[in-house]
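Examination of the molecular architecture
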Amino acid sequence: MKGVWLTDVASKALDSRESIEEVVRRCKAIGLDNIYVVVWNRGYTLYPSAIMEAEFGRSVMPGFSKFDMLATLIEEAHKESLKVHAWFEFGFSSSYQEEDGGHILRKRTEWKALDNQGKLVSKNGFQWMNAFHPEVQEFLLSLIVEVVQNYDIDGVQGDDRLPANPSTAGYDAYTVAAYKKEHNGAYPPQDYRNRAWVDWRAKRLNRFAEKIFKTVKSIKPKIMVTMAPSIFPWSKEEYLQDWPTWVEHGWVDQIIPQVYRYDIEAYTKTLASNLEFMPENCKNLFVPGVLLKVNDYLPSEAYLKNMIKANRKLGLKGEVFFFYEGLKGHDSFFRDKYPKM
C-alpha cells in the first residue's frame, strides 16, 4: 500500500482532465498505486451530489461544475491499474474560518456542535456539526452511500474529522438529553476532559465507525474502508477518536494514522508507540501517513529517506504521503530512489 492524498487546497491537480492525467502519470511512474482524493470539503462535495442539491441547493463545490472530477480521476487511474479512494476530508466539520459554520449550519442551526458555554465548537479554524446527532450522522452516511453507489470507487476514507468531534463538543440539547437518560438525570461534567465523559462520547462515535463500515460493505463488499485519524491517544483526548477499538473489532480495512513529525527521533518514537496500540494479528493493517508538504514546509531529502527507512525497519511496506504537491518538491528522490526502497 503506497499512496498519496490529493486535495483541491493549494493545488490545481484536480482542476482539469489534463492535470488529472498528469497526476496519474506521476503516481504510476514512482509506484504510488493508491490515490486518496478529497470529495467533501468546506461544506461542499467535489462531485455532483443529488443529496446536496436537495438539502442545500448546491450540488457541487464552486469551480467543479464543468466536469465530474471524481469520474474522470477514476477513469484515468483505472487505465493504469491505480486505485482511487473517496476521501471525506472534512467529515463532521462544516466550514473553515467561518464563524457561523458556513452555509450548512446557517440553514440547519440544530446541527451545531456546542461547547460547555453554549457556543459553536470551533477548533484550529474548523467549525463543527454535532457528530452525535442522528440526523447529522445520517447526512454524512448518505454522502458516503451516494459515492459508493454512483462511482466505480475502490475505497472510502474518513480522517481526523470522520468519525470525530472535538472533545469540547457534546453540550447541545440532544447529546445532553441522551447522557442524562443513561445517568439517572445527571448532566455531563463541565470538564470536557473528564475521562468517563470522553469515553461515553467516544463510544458513540465508535458505533458510527461500525455503521460506516457495515453500510459500505453491504452495498459493495470489495470496497475498502480506511481511516486516517490523528495519532493515539491524542486522537481520543482531543477528537474522541478511539481508533484502536475500530481495528480490534474489524471496522476498518486499514488504519493510516497521521504520523506527522518534523524530526526523525520524534517520527520514529511516535510510529513505534502507535504500532503498540495495534492488536498483534492486525499490524499488517497499519500504514503510516507521512507529512510531505504543508504550507511552505518540505522535509529534507535525508529526513524523508530516514522516515521511509524507519517504516521498513518496523516491517511496514508502504505509506501514504500528505500531499500530492510535495511529490514535486522531491522529484528526483521519488523518481530514482523511492521505487527501490
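For the structure itself, consult the block above.
Cut-offs used in this document
- Residues numbered from 1 in each chain as written.
- Predicted model: local features only at pLDDT ≥ 70, side-chain atom pairs only at ≥ 80, totals over all residues.
- Heavy atoms only, no water.
- Core = buried A, V, L, I, M, F, W, Y, C linked by side-chain atoms within 4.5 Å.
- Buried < 20%, exposed > 50% of the residue type's maximum accessible area, 1.4 Å probe, protein only.
- Helix = DSSP H or I, 4+ residues; strand = E, 2+ residues; numbered from the N terminus.
- Contact = heavy atoms within 4.5 Å.
- Pairing = 2+ DSSP bridges.
- Axes fitted to C-alpha atoms, helices over the stretch in contact; angles between N-to-C directions.
- Salt bridge = Lys/Arg side-chain N within 4 Å of Asp/Glu carboxyl O.
- Parallel < 35°, antiparallel > 145°, perpendicular 65-115°, else oblique.
- Nonpolar A, V, L, I, M, F, W, Y, C, P; charged D, E, K, R; others polar.
- Phe/Tyr/Trp six-rings, centres within 6.5 Å; stacked < 30°, edge-to-face > 60°.
- Lys NZ or Arg CZ within 6 Å of the ring centre and 35° of its normal.

1. Considering the nonpolar core
- With 112 residues, the main nonpolar core has W5, W40, L70, F88 and F321 as its most contacted residues.
- The dominant element in this core, judged by the number of residues it contributes, is helix α5 (residues 134-150), at 9 residues.
- If near-sequence neighbours (up to four positions away) are discounted, F321 is found in contact with G3, V4, W5, L32, V290, L292, L304, I308, F334 and Y338.

2. A word on the sheet that holds strand β5 (residues 83-87)
- Strand order in the open sheet formed by 8 strands is β11-β10-β9-β5-β2-β1-β13-β12, with parallel pairing between adjacent strands. In this open sheet, the two strands that pair with only one neighbour each are β11 (254-255) and β12 (289-291).
- Sheet topology note: the strand β2 (residues 34-38)/β5 ladder contains 5 bridges and is parallel. Looking across to β5, one finds that Y36 is bridged to H85.
- The strands touched by helix α3 (residues 69-79) within the sheet are β1 (3-6), β2 and β5, with β2 carrying the most contacts at an inclination of about 175°.

3. Observations regarding the pairing of β5
- β5 sits mainly inside the fold: 4 of its 5 residues count as buried.
- The pairing of β5 with strand β9 (residues 155-159) spans 3 bridges and is classified as parallel. If you follow H85 over to β9, its bridge partner there is G155.

4. Things to note about the sheet that holds strand β8 (residues 126-128)
- An order of β6-β8-β7 is seen for the 3 strands of this open sheet, with the pairing classed as antiparallel. Since the sheet does not close on itself, it has two edges, and those belong to β6 (93-96) and β7 (122-123), each with one partner.
- Pairing geometry for β7 and β8, over 2 bridges, is antiparallel. Following the sheet pairing, K123 is matched in β8 by F126.

5. Focus: the pattern of salt bridges
- Applying the stated criterion across every chain, the model contains 26 salt bridges.
- Between R312 and E319 there is a salt bridge, with the nearest N and O atoms lying 2.7 Å from each other.
- E319 sits in the buried class, given a relative accessible area of 0%.

6. Observations regarding the packing of helix α6 (residues 173-182) against helix α7 (residues 195-219)
- Two elements in contact, α6 and α7, have axes whose closest approach is 12 Å; the angle formed by their N-to-C orientations is 110°. Between α6 and α7, the interaxial angle falls into the category roughly perpendicular. Contact residues: Y174, T175, A178, Y179 and E182 in α6; W197, W200 and R204 in α7.
- Of the residues in the contact of α6 with α7, the class split is 5 nonpolar, 1 polar and 2 charged.

7. Structural notes on the packing of aromatic side chains
- By the definition in use, this model includes 27 aromatic pairs.
- Ring centres 5.8 Å apart and planes at 75° place the aromatic pair W40 and F139 in the edge-to-face group. Of the two residues, W40 is situated in strand β3 (residues 40-41) and F139 in helix α5; the sequence distance between them amounts to 99 residues. There is no split in this pair, since W40 and F139 are both buried.
- Through a chain of ring-to-ring contacts, the aromatic side chains of W5, Y36, W87, Y260, F322 and F323 assemble into a single cluster.
- The ring of Y239 has K123 lying over it, and the distance from NZ or CZ to the ring centre is 4.6 Å.
- Here R161 stacks its cationic end above the ring of F126, 4.2 Å away from the centre of that ring.

That's the geometry; what it means functionally is another story.
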